[in-house]
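# A closer look at the structure
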Amino acid sequence: MIPMTRANTTTDPTSGPTPVTVLGLGDMGRSLARAFVAAGHPTTVWNRSPGKGEDVVSLGAVRAASAEGAVRASGLVVVCLTDYDASDAVLEPLAGALEGRVLVNLTSDTPARSRQTAAWAEKHSLAYLDGAIMVPVDVVGSAEALVFHSGDRAAFEAHEPTLKALGEPATFLGEDHGLAAAYDMAMLDFFYGAMGGLVHALALARAEGIDGASLAPYLNTIAAILPPIAAETAEDIDTRSYAREGANLAMMAASVDHILHTAKDRRLDVSHLAALKGVTDRAIAKGHGPDSWSSIVEVIAAGH
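These remarks concern the structure in this document. Model, not experiment: these values are computed from the prediction. Think of each chain on its own: its residues are numbered from 1, step by step along the sequence as written. Totals for whole chains, interfaces and linings use all residues, but because this is a predicted model, local features are given only for residues with pLDDT of at least 70 and pairs of side-chain atoms are given and counted only at 80 or more. Computation of side-chain values covers all heavy atoms of the structure but excludes hydrogens and water.

### Quick notes on the overall build of the protein chain
What counts here: In DSSP terms, a helix is any run of H or I states spanning at least four residues, a strand is any run of E spanning at least two, and both are numbered starting from the N terminus. Buried means the residue's accessible area, taken with a 1.4 Å probe over protein chains only, is under 20% of the maximum for its type, while exposed means over 50%, and partly exposed covers the values in between. Two residues qualify as a contact provided that any one of their heavy atoms is within 4.5 Å of a heavy atom in the partner residue. The accessible surface values rely on the Shrake-Rupley method and a 1.4 Å probe; as for residues, cover is taken only from the protein chains in view.
Within the protein chain, the regular secondary structure consists of 13 helices and eight strands. Once the C-alpha set of the protein chain is aligned to its principal axes, its extents read approximately 65 × 40 × 30 Å. Taking all 304 residues of the protein chain together, 42% fall into the buried category. Within the protein chain, contacts between residues at least 6 apart in sequence are counted, and of these 64% link residues at least 24 apart. Accessible area of the protein chain: about 15,500 Å², with a carbon and sulfur share of 58%.

Here you go:
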């Protein structure tokens, strides 16, 4: 990567509001553009298909006639498209236009794809940051918005004040370009696993004649104990020390078995419960019965 200096950045981010270009005007792309406009940054926008972005143009953004024109309008270029197939297709012809600028890719995809695009950027000597937006579109631009960045540290430090328009703080994770996507995937793994469990719990309740509104307040009591559990589980897994007082894996696996049988009796889909029971059974077979629930990681990660 080339170092970030005034000589190789089109815009000096310390001299005033930094001009920004946003490539991609889907729901998230428009929210990014709105946040930059609201923070006072001259904002140029472009979308692959016409007809999107009138709302951000009405707020003061300038619509470019071409992707290259959009890139050349700003020293900071932010791309947010469907996936990396889409962003790569847009960016590859723009390598020359991107020279001397900072490219921030906030498209959601896998860590492997992030690193592949970083290798392409390095090949063309481009300053490149990869990122992940961890909030819905209506939260972008607020103090609660969590946006991860990883990759070129100098590029991040030079444009951190501008990137804070998307959310405070703008969080830099490290120089491995895949880190933002890796955090994204890990957090979404937890989220969708929890959402799947939530829907299954409500299905089980409905099968037993309980309406969801009656159960929901009590589910919140479980949600409230998760933060300390997350910290303890992370410590267990980081240290590979699974001896904790309280409920052990064998006891908790028995509860999973009870849930599984209840769901089977009500003819619910039990595929995720059966998979979970399979993991706990294998961990117990490996001698982790007296250990904490965290010890199932040794089965989940056995092939890593």
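The structure having been displayed, the exposition proceeds.
### Some points on the side chain of H200
Note the cut-off: Polar contact criterion, stated in full: a pair of N or O atoms within 3.5 Å, where within protein one must be able to donate a hydrogen and the other to accept it, and residues adjacent in sequence count only if both atoms are side-chain atoms.
Here H200 shows up in helix α8 (residues 179-207). Judged by relative accessible area, H200 falls into the buried class, the value being 14%. A polar contact is formed between the side chain of H200 and the backbone oxygen of D269, at a distance of 2.6 Å. H200 has contacts with A263, L268, D269, V270, H272 and L273, leaving out every residue within four places of it along the chain.

### As for the sheet that holds strand β5 (residues 102-105)
Basically, it comes down to this: Two strands qualify as a pair provided that DSSP identifies no fewer than 2 bridges between them. To define axes, lines are fitted to C-alpha atoms, for helices over the stretch in contact only, and angles between the resulting N-to-C directions are given on a 0 to 180 degree scale.
Read across the open sheet, the eight strands follow the order β3-β2-β1-β4-β5-β6-β7-β8; overall the sheet is mixed. Each having just a single partner strand, β3 (62-63) and β8 (170-172) make up the two edges of the open sheet. Relative to β3, strand β2 (residues 43-46) runs parallel, the two sharing two bridges. The residue bridging V45 from the neighbouring strand is R63, located in β3. Contacting β5 and β6 (127-133), helix α6 (residues 111-123) crosses the sheet at an angle of about 160 degrees to β6.

### Topic: the pattern of salt bridges
Side chains bearing opposite charge may pair, as long as their charged atoms lie close to each other. Heads up, the condition is: Only one rule defines a salt bridge in this text: a Lys or Arg side-chain nitrogen within 4 Å of an Asp or Glu carboxyl oxygen.
If you walk through the whole model with that rule in mind, you get 14 salt bridges. In this structure, R240 and E298 form a salt bridge, with 3.9 Å as the shortest nitrogen-oxygen distance. Here R240 is found in the loop between α10 (226-239) and α11 (249-265), whereas its partner E298 is found in helix α13 (residues 297-300), with 58 residues between them in sequence. Exposure remark for R240: the relative accessible area of 63% places this residue in the exposed category. As a salt-bridge pair, D281 and K277 come within 2.9 Å of each other at their nearest N and O atoms. Here the residue D281 and the residue K277 both occupy positions in helix α12 (residues 271-288), the gap between them amounting to four residues, near one helical turn.

### Looking at the packing of aromatic side chains
Put simply, the rule reads: Between 30 and 60 degrees the pair is tilted, below 30 it is stacked and above 60 it is edge-to-face, where a pair is any two Phe, Tyr or Trp rings, Trp via its six-membered ring, whose centres lie within 6.5 Å.
A complete count under the given rule lists three aromatic pairs for this structure. Judged by centre distance (5.0 Å) and plane angle (25 degrees), the ring pair of F156 and F172 falls under stacked. Of the two residues, F156 sits in helix α7 (residues 153-163) while F172 sits in strand β8, which places them 16 residues apart along the sequence. Side by side, F156 and F172 carry an identical accessibility label, which is buried.

### Digging into the packing of helix α9 (residues 212-224) against α10
Rule in force here: Amino acid classes used here: Ala, Val, Leu, Ile, Met, Phe, Trp, Tyr, Cys and Pro are nonpolar; Asp, Glu, Lys and Arg are charged; the rest, including Gly, are polar.
Where α9 contacts α10, the two axes come as close as 5 Å, and the packing angle between them is 35 degrees. Counted together, I222, A223 and A224 of α9 and L226, P227 and P228 of α10 form the full contact between these two elements. Counted by class, the contact of α9 with α10 contains six nonpolar, no polar and no charged residues.

### Focus on the packing of α8 against α9
Selection rule: Small angles under 35 degrees read as roughly parallel and large ones over 145 as roughly antiparallel, with 65 to 115 read as roughly perpendicular and the rest as oblique. For a crossing to be left-handed, the near helix must be turned anticlockwise from the far one by less than a right angle; the clockwise case is right-handed.
Between α8 and α9, whose axes approach to 10 Å, the crossing angle comes to 135 degrees. On the basis of the axis angle, α8 is oblique to α9. By crossing handedness, the relation of α8 to α9 is classed as right-handed. Taking contact as the criterion, the partners of L198, A201, L202 and A205 in α8 are, on α9, G212, L215 and L219. Here the contact of α8 with α9 is composed, by residue class, of six nonpolar, one polar and no charged.

### Here's the deal with the pairing of β5
Our working rule: Consider the strands pointing away from the viewer: the crossover is right-handed when the path from the first strand over the helix to the second runs clockwise.
Residues of β5 alternate between two faces, with V102 and V104 on one and L103 and N105 on the opposite face, all of them buried. Both β5 and β6 contribute to a ladder of four bridges, which runs parallel. By the bridge assignment, N105 is partnered in β6 with D130. Running through α6, the crossover from β5 to the neighbouring parallel element β6 is right-handed.

### Some thoughts on the pairing of β6
The side chains of a regular strand alternate, residue by residue, between the two faces of the sheet. With seven of seven residues buried, β6 lies mostly within the body of the structure. The two faces of β6 match: A127, L129, G131 and I133 on one face and Y128, D130 and A132 on the other face are all buried.

### Topic: the side chain of H288
Summarising the element assignment, H288 is placed in helix α12. A polar atom in the side chain of H288 sits 2.8 Å from the side chain of D291.

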